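Results of the structural survey
These are the residues of each chain, in order.
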Amino acid sequence: MTPRRLVPATLALLVLVVAAPVFADGDPWEIDPAVAAPQDGSEPPVLEGPNFTPAPKPMAPICHFCGSWLQTPILSGSGGSCSAAQSDVKSQVLAYVNASCLDYGDAGRCSYQFVYYNTCYFDSSSGQYVSDAFANYRCWTAYC
């Protein structure tokens, strides 16, 4: 390890050693029964599943996994201004991704990265502003 990396590593280790007694008080997620119990003698509420507000949502839909990365072709949007052209190309790319993900299951996309190929330029032959873009994306893939 080079001296340049040794100093930050040593400082990080020192901070952990100094802060260890702060975290040694017990489980930070443990609930004190005296605080959690209602004062009227009734049973404390159960804090799991749909009793949360809002109810927790699973990360992945049932019987799905996040598939491998895919890429759209470069699509072009046009309009009377740069913002109109960019809005047009964003909607085209998103529609392409949503339609493509339906081939893998009915849960849609699990990851989406929009990339401008050309942010905006004026096309003198059409008299419109043009924006080119593509997307890298992943779809929820059904396996059941």
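In this text, all values refer to a predicted model and were calculated from it rather than measured experimentally.

Okay, the overall build of the protein chain next. Along the backbone of the protein chain there are 3 helices and 5 strands. Taken from the N to the C terminus, the helices and strands of the protein chain come in the order α-α-β-β-β-α-β-β. The buried share of the protein chain, reckoned over its 144 residues, is 17%. For the protein chain, the share of sequence-separated contacts (at least 6 apart) that also reach a separation of at least 24 residues comes to 66%.

With 60% of its residues at a pLDDT of 70 or more, the protein chain shows a mean pLDDT of 79. Across the protein chain, the secondary-structure element scoring lowest on mean pLDDT is helix 2 (residues 33–36), at 52, and the one scoring highest is strand 3 (residues 75–79), at 97.

Another point: the nonpolar core. Grouped together as the largest cluster of nonpolar side chains are 9 residues: L75, V89, V93, V97, C101, A133, A135, Y137 and C139. Residue assignment for this core shows that the elements contributing at least two residues are helix 3 (82–101) and strand 5 (128–142). The contacts of A135, once residues within four sequence positions are left out, are L70, Q71, T72, V93, V97, Y112, Q113 and F114.

Within the element layout of this structure, M59 appears in the loop between helix 2 and strand 1 (64–66). Classification of M59 as exposed rests on a relative accessible area of 76%. As for M59 and C110, which are separated by 51 residues in sequence, their C-alpha atoms are 9.6 Å apart.

Turning next to the state of the cysteines. According to the stated counting rule, one finds 4 disulfides in the structure shown. Disulfide partner of C101: C139, at an S-S distance of 1.9 Å. Where C101 bonds to C139 through sulfur, the torsion about that S-S bond is close to -75°, and the disulfide is left-handed. Here C139 lies in strand 5 and C101 lies in helix 3, a separation of 38 residues in the sequence. Of the residues examined, C101 reaches a relative accessible area of 1% and is grouped as buried. For C139, a relative accessible area of 2% gives the class buried. When the bonded cysteines of the protein chain are numbered from the N-terminus onward, they pair as 1-8, 2-5, 3-6, 4-7.

Right, let's talk about helix 3 for a bit. Taking 1.5 Å of rise per residue, 20 residues should cover 28 Å, and helix 3 covers 29 Å from first to last C-alpha, within 8% of that figure. Within helix 3, the full set of buried residues consists of A85, V89, V93, V97, S100 and C101. For helix 3, the arc enclosing every buried residue in end-on projection is 130°, short of the 170-degree limit, so these residues lie on one face. Looking at the buried residues of helix 3, the elements they touch are strand 3, strand 4 (109–123) and strand 5.

Moving on, we come to unusual backbone geometry. Phi is positive for C63, close to 65°, though the residue is something other than glycine. Within the secondary structure, C63 sits in the loop between helix 2 and strand 1.

Cut-off values and rules
Residues numbered from 1 in each chain as written. Predicted model: local features only at pLDDT ≥ 70, side-chain atom pairs only at ≥ 80, totals over all residues. Heavy atoms only, no water. Helix = DSSP H or I, 4+ residues; strand = E, 2+ residues; numbered from the N terminus. Buried < 20%, exposed > 50% of the residue type's maximum accessible area, 1.4 Å probe, protein only. Contact = heavy atoms within 4.5 Å. pLDDT = per-residue confidence, 0-100. Core = buried A, V, L, I, M, F, W, Y, C linked by side-chain atoms within 4.5 Å. Disulfide = S-S within 2.5 Å. Expected span 1.5 Å × (residues − 1). Arc of directions from axis to C-beta.

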